[in-house]
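Survey of secondary and tertiary structure
Each chain, written out:
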Amino acid sequence: MSKQSHNSLPSDRMLEMYESMLRIRRFEERAVRFVTEGKLGSTHASIGQEATAVGICEALEDGDQILSTHRGHGHCLAMGTRSDAFMAELLGKGTGTNGGVAGSMHLVDPDVGILGANAIVGGNIPMAIGAAYAAQCQGKGKVVVSFFGEGASSQGGCHEAMNIAGLWKLPIIFVCENNMYAEHTHVSVHVAIENVADRAAGYGFPGVVVDGNNVEEVFQAAQVAVERARAGDGPTLIECKTFRVRGHFEGDPEKYKNQEEQAAWEKKDPLAGLLKRLSSRDDIDRDKIAAIDKKIEAEIAEAARFADQSPVPDPDTALRHVYAE
Amino acid sequence: MQDPKYWQVINTALHEEMERDETVTIAGEDVASVGGPFGASRGLLEKFGPQRVRDTPISELAMVGLGVGAAMAGMRPVIEIMFSDFLALSMDQLVNQAAKVSFMSQGRLKVPLTIRTLCGSGRTTSSQHVQSLEAWTSHVPGLKVVWPATPADAKGLLKSAIRDNNPVIVIESLSLWTERGPVPEGEHLVPIGKADIKRPGRDVTIVTAGGMVPRVLKAAEILSGDGIDAEVIDLRTLSPIDEETVLESLSRTHRIAVVHEAVKHYGFGAEIAAIVAEKGIYDLETPIKRIAAPWAPLASASSLAREYLPSVDKIVQGVKSIF
C-alpha cells in the first residue's frame, strides 16, 4: 500500500494513539513487576508490539468487535477495557473484569467489543468468522478483527476460517502480528514463505504487509481494510511485522534469541519512534505530551494499587456460570 | 395417517425453529442446496434463503468455530457435523472454546449453539463413520449432550437444544433414521436433563440411550416371556445426567444393567455404575451389569459388526446373568 505522509493524520488522533500505546506499555511493565514480586504467576507481554494493537483498534468504531490472543493485553486496552479491572483480573481478584476467572489470557469484555482473548494459539480465528457471519446476518455494518501471531498462521483452523471468510465475503480483518517468534522458535523455522500476507491470495482477498512498529502505517492499512469490510467487499489480511522484545513468557531465559536481531529491533521501538515523530511536529504542544505521560503514570499506579488491594474472589465464583441461564 | 419418520421430525423441528426465531441459522456440509446428506435440512434453503442456510467447505474445526462465534455475537446457529467421528476434528472449538465462554466471561457472554451429529453403527462404513463418542463430550463441563431415540424425542430435544443458551450436542442415530413413531401435535418440547422410562417394570432397571433403545425394548419383551419384568430407562440426555430417575427406579427393582454401543471402558455405563455405587449401593441385590462393545474399533463387515455390538440376545443373556 502507498505510504501517506504521517503529517496527514490530525494531531488529536496522533495524541490519542500515543496515549493508548503508553497505557499498554506502562500496564505491561507493571504486570511484569507483579511477576517478579511473586504476585502474578507469569504472563505474556506484548511490549514492543503496541503499535499493531493501537493502529488497528483506532480504526474501529463502537459496535465493532475483536478476538485476541494469549499475548492480548494490548488489544484489550486499545479497545478500552479498564486498566484497573484488567490488572485486578491478572492478579486473580474478585474485582477483575471477569471476576478473576479469566486471568491474563482470556479477558472477555463485550461492552467494549472484546469477544475474548484466547490461550489456544489460532483458537480465535474460527470463532472470529462466526462473529463476522453474525455481523453479516445482522446487517448493521459491524466489522470483526481477529488478532493472531505468525505462529497461529500454521494452524489448520486459520486456513479453514480464511477460506470460508473469502467465500462468504465476511466483514473481517485478519491481523497477523508477525513478532518473529512462535513460542521459542524463530519464524524462519516455522513459516515457509517470507510474508504470511501472501497467503491471502489463496483465499481471494487482499493481503498487505505493514511496518508493525509504525502506528500510523498500521492505522492507515486498518482504515482501508475496515472500509472494505463495511462495504461488504470482504476480508483483508494485514501482516504487521514487529518483534517480541521480551520472552515468550515472563521468566523465559531467551537463550534461543539472536542478540543482533534483538538489538536491531530494540532500536525500532514503536513508542520511542512515535514520540520522536510527535516531537518533530510543530502543531503538537510538548505540554500535551507531558500531560499524557503524567495521566498514564497515575492511571497505572492506581490500577496496580486497586488490583493489589482488591479482595480475592468469593469461593463460589469457581462454580458459577459453568452454564448460562 | 402414518406416523412420521425420525429424520422427518428433525426436518420439521428445524423448519419450526427457523420460522419462530430469525436468529436461528443452519450451516454444514451439504445442508443447503442438497437439503442435508440424509435429508434433515430439506426445504430450508428455499424457505429461509442463503444468508441463514449455508453450505460450508469440509472444515469441521472452522464450522464449529463459526457456530461458537456467531452464537457469542447474538445468533442461534445449528451446525451439522455429518458423523460424530468428525467431531474429533473440531474438538478445540467445542472443548476449549464453546464450553468455556460462559464460565470465563462470568456470564457476560453465552453460546446458544446446537451441534447436530450422527452417532453409532449404520451401514458397513467401518471404523471412522460409526463411533459412539458421546462420553467424550459428556465429560466436559459447559457442554450439554442429548441423544433422542424416538421421533417424538428427536423433535422435542432438538427444539429445546436450539432454545437453550448453552452449547448442546444433539446426537442422532442413523440406525433410527427411518423409524416411525407418534409425535404430539403442536408445540412439543422435551426438557434437557430428563430421562424417560420407556417401559415400566419391577424386576430390573436397564439404562440405555440412542440407537440401543429399540434393541433393549425388544430384549425386555423376551425377558418378560422368561418371567423377568424389566424397566427400560432411556437417558435421552447424557449430560447433565438424570441421576434421580435412575436411582428411583433402582430403589424399586434392586437390579441394574446398562446397555450402550460405545466401548465399555469409560462409557456412560461407567458413570451410571459409579452413581449407583456412590448413592444406591444398598439398593443393589446383585452386581451391576454393563453390556457394551468390546475394546476394539468397529469393523466394516456386517457379520463382524453383529458380533461386536450388543445384540438383543446379548442383552437378554447379560440381564439374566444378574438373576
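Residues numbered from 1 in each chain as written. Chains lettered and ligands numbered in written order. Predicted model: local features only at pLDDT ≥ 70, side-chain atom pairs only at ≥ 80, totals over all residues. Heavy atoms only, no water.

**Looking at the overall build of chain B**
The condition that has to hold: A run of H or I in DSSP becomes a helix once it reaches four residues, and a run of E becomes a strand once it reaches two; helices and strands are each numbered from the N terminus. To get the radius of gyration, use the C-alpha atoms; to get the globule rule, take the number of residues to the power 0.38 and multiply by 2.2 Å. The cut-offs for exposure are 20% and 50% of the maximum accessible area for each residue type, with area from a 1.4 Å probe on protein chains only; residues under the lower value are buried, those over the upper are exposed, and the others partly exposed.
Regarding its fold elements, chain B presents twelve helices and twelve strands. Over its C-alpha trace chain B gives a radius of gyration of 19 Å, about what one expects of a compact globule, namely 20 Å for 323 residues. For chain B, the spread of C-alpha atoms along the three principal axes comes to 60 × 45 × 40 Å. Expressed as a percentage of the 323 residues in chain B, the buried residues total 60%.

**Some words on the packing of aromatic side chains**
Residue and element names in this part refer to chain A. Where we set the bar: Between rings of Phe, Tyr and Trp, where Trp is taken as its six-membered ring, a pair exists when centres lie within 6.5 Å; planes separated by under 30 degrees are stacked, by over 60 edge-to-face, and by other angles tilted.
Scanning the model with the defined rule gives eleven aromatic pairs over all chains in all. Ring centres 5.5 Å apart and planes at 55° place the aromatic pair tyrosine 133 and tryptophan 168 in the tilted group. Taken together, the residues span a long stretch of sequence, with tyrosine 133 in helix H5 (residues 124-138) and tryptophan 168 in helix H6 (residues 156-168) at a distance of 35 residues. Across this residue pair, the class does not change: tyrosine 133 and tryptophan 168 are buried. Plain terms: the ring middles of tyrosine 203 and phenylalanine 205 are 6.1 Å apart, the flat faces sit at 25° to each other, and that makes the pair stacked.

**So, the pattern of salt bridges**
Residue and element names in this part refer to chain B. Going by this rule: Criterion for a salt bridge: a side-chain nitrogen of Lys or Arg within 4 Å of a carboxyl oxygen of Asp or Glu.
Inspection of the entire model under this criterion finds 48 salt bridges over all chains. With its nearest N and O atoms 3.3 Å apart, the salt bridge here joins lysine 194 to aspartate 242. Taken together, the positions of lysine 194 in the loop between strand E6 (168-173) and strand E7 (196-199) and aspartate 242 in the loop between strand E10 (237-239) and helix H9 (243-253) put the pair 48 residues apart, joining distant regions of the chain. Given a relative accessible area of 6%, aspartate 242 falls into the buried group. One continuous salt-bridge network, built from bridges that share partners, spans Glu16, Glu17, Arg20, Lys155, Lys159, Arg163 and Glu187.

**Side note on the confidence of the model for chain B**
Put simply, the rule is: Along the chain, pLDDT gives the predictor's confidence residue by residue, from 0 to 100.
Taken over all residues, the pLDDT of chain B has a mean of 96, while the share at 70 or more is 99%. For this predicted complex, the interface confidence reaches an ipTM of 0.96, while the overall pTM sits at 0.96.

**Points about the interface of chain B and chain A**
What counts, and what does not: Should any heavy atoms of two residues lie within 4.5 Å, those residues are considered in contact. Here the quantity called buried area is the accessible surface, traced with a 1.4 Å probe, that two parts lose on coming together, added over both.
Taken residue by residue, the interface counts 42 residues in chain B and 39 residues in chain A. The contact between chain B and chain A buries some 3,400 Å² in all, and 63% of this surface belongs to carbon and sulfur atoms. By the criterion of area lost to chain A, the three top residues of chain B are Met104, Gln106 and Arg108 of chain B, representing 20% of everything that side buries. One can count two salt bridges joining chain B with chain A.

**A look at the nonpolar core**
Nonpolar side chains in soluble globular proteins tend to end up buried together. Note the following rule: The set of buried Ala, Val, Leu, Ile, Met, Phe, Trp, Tyr and Cys residues whose side-chain atoms join them within 4.5 Å is what this entry labels a nonpolar core. In this document the domain limits rely on a domain assignment from an automatic tool or a database.
If you look at the biggest cluster of nonpolar residues, it comprises 119 residues, and the most contacted ones within it are Ile129, Phe148, Phe174 and Leu237 of chain A together with Ile115, Leu235 and Ile272 of chain B. Residue assignment places this core across two domains, with domain 1 (6-176) and domain 2 (196-320) of chain B each supplying three or more. Once residues lying within four places of it in the same chain are set aside, the contact partners of leucine 235 of chain B are Lys194, Ala195, Val207, Thr208, Ala209, Ile241, Val246, Phe268 and Ile272 of chain B.

**Thoughts on the packing of helix H1 (residues 11-36) of chain A against helix H11 (residues 286-309) of chain A**
Residues and elements named next belong to chain A. The line we're drawing: Lines fitted to C-alpha atoms define the axes, with helix axes restricted to the stretch in contact, and inter-axis angles between N-to-C directions lie between 0 and 180 degrees. Note on convention: near helix rotated counterclockwise from far helix by under a right angle means a left-handed crossing. Clockwise means right-handed. Lys, Arg, Asp and Glu make up the charged group, whereas Ala, Val, Leu, Ile, Met, Phe, Trp, Tyr, Cys and Pro make up the nonpolar group; the residues left over, Gly among them, are polar.
Orientation of H1 relative to H11, taken along the N-to-C sense of each, is 35°, at an axis distance of 9 Å. By crossing handedness, the relation of H1 to H11 is classed as right-handed. Where H1 approaches H11, its residues Leu15, Tyr18, Glu19, Leu22, Arg23, Arg26, Phe27, Arg30 and Phe34 are matched on the opposing element by Lys288, Ile289, Ile292, Asp293, Lys295, Ile296, Glu297, Glu299, Ile300, Ala304 and Asp308. For the contact of H1 with H11, a count of residues per class yields ten nonpolar, no polar and ten charged.

**Structural notes on the domain arrangement of chain B**
Residue and element names in this part refer to chain B. The domains assigned to chain B are domain 1 (6-176) and domain 2 (196-320). Taken over C-alpha atoms, the centre of domain 1 sits 27 Å from the centre of domain 2. Listed by partner, the interface residues are 23 residues for domain 1 and 23 residues for domain 2. Buried area between domain 1 and domain 2, summed over both chains or domains, comes out near 1,700 Å², and the portion from carbon and sulfur atoms is 57%.

**Examining the pairing of strand E12 (residues 289-293) of chain B**
Sheet faces and side chains relate simply in a regular strand, where the side chains alternate between the two faces. Put simply, the rule is: Pairing between strands is defined by DSSP: at least two bridges between the two strands are required.
Bridge count for strand E11 (residues 256-263) of chain B against E12 of chain B is four bridges, and the pairing is parallel. Considered in E12 of chain B, the bridge of valine 259 of chain B is made with isoleucine 291 of chain B.

**Thoughts on the packing of helix H8 (residues 213-225) of chain B against helix H12 (residues 312-320) of chain B**
Residue and element names in this part refer to chain B. Using the following cut-off: With respect to orientation, any angle under 35 degrees is reported as roughly parallel, any angle over 145 as roughly antiparallel, any angle of 65 to 115 as roughly perpendicular, and every other angle as oblique.
The interhelical angle for the contact between H8 and H12, taken along N-to-C directions, is 55°, at an axis separation of 9 Å. By the angle between their axes, H8 is oblique relative to H12. The crossing of H8 and H12 is right-handed. On H12, the residues touching Arg215, Val216, Lys218, Ala219, Ile222 and Leu223 of H8 are Val312, Ile315, Val316, Val319 and Lys320.

**Things to note about the environment of valine 108 of chain A**
Mapped onto the fold, valine 108 of chain A is located in the loop between helix H4 (83-90) and H5. Residue classification places valine 108 of chain A among the buried residues on the basis of a relative accessible area of 6%. Counting along the chain gives 44 residues from valine 108 of chain A to aspartate 64 of chain A, while the straight-line C-alpha distance between them is 14 Å. Apart from residues no more than four positions distant in its own chain, valine 108 of chain A is found in contact with Thr97, Asn98, Ile114, Leu115 and Gly116 of chain A together with Met104, Ser105, Arg108 and Leu109 of chain B.

**Examining the state of the cysteines**
All names here are of chain A. Threshold: Any two cysteine sulfur atoms lying within 2.5 Å of each other are counted as a disulfide.
Evaluation of the coordinates by the stated rule reveals zero disulfides over all chains. Not engaged in a disulfide, the cysteine cysteine 240 finds its nearest cysteine sulfur in cysteine 176; these two sulfurs lie 8.0 Å apart. Since its relative accessible area comes to 0%, cysteine 240 is described here as buried.

**A word on the sheet that holds E12 of chain B**
All names here are of chain B. Read across the sheet, five strands follow the order E7-E9-E8-E11-E12 without closing on themselves; strand pairing throughout is mixed. In this open sheet, the two edge strands, each paired with only one partner strand, are E7 and E12. Here the strands of the sheet are splayed against their neighbours by 25° on average, with no regard to which way each runs. Along the sheet face, H12 touches strand E8 (204-208), E11 and E12 and points at about 160° away from the line of E12.

**Notes on the side chain of serine 59 of chain B**
Tracing the sequence through the fold places serine 59 of chain B in the loop between strand E2 (53-55) and helix H3 (60-72). A relative accessible area of 5% means that serine 59 of chain B is categorised as buried. Excluding its chain neighbours within four sequence positions, the residues that come into contact with serine 59 of chain B are Glu160 of chain A together with Glu29 of chain B.

**So, the sheet that holds strand E2 (residues 144-149) of chain A**
Residue and element names in this part refer to chain A. Read from one edge to the other, the open sheet built from five strands follows the order E1-E2-E3-E7-E6, with strand pairing classed as parallel. Strands with a single pairing partner mark the edges of an open sheet, and in this sheet they are strand E1 (65-67) and strand E6 (207-211). In this sheet, neighbouring strand axes are inclined to one another by 20° on average, regardless of whether the strands run parallel or antiparallel. Pairing of E1 with E2, which is carried by three bridges, proceeds in the parallel orientation. Within the sheet, the bridge partner assigned to leucine 67 lies in E2 and is serine 146. Across the face of the sheet, helix H2 (residues 50-57) comes into contact with E1, E2, strand E3 (172-178) and strand E7 (236-241) while running at roughly 170° to E2. Against the sheet, H5 makes contact with E1, E2 and E3, and its axis sits at roughly 170° relative to E2, the strand it touches most.

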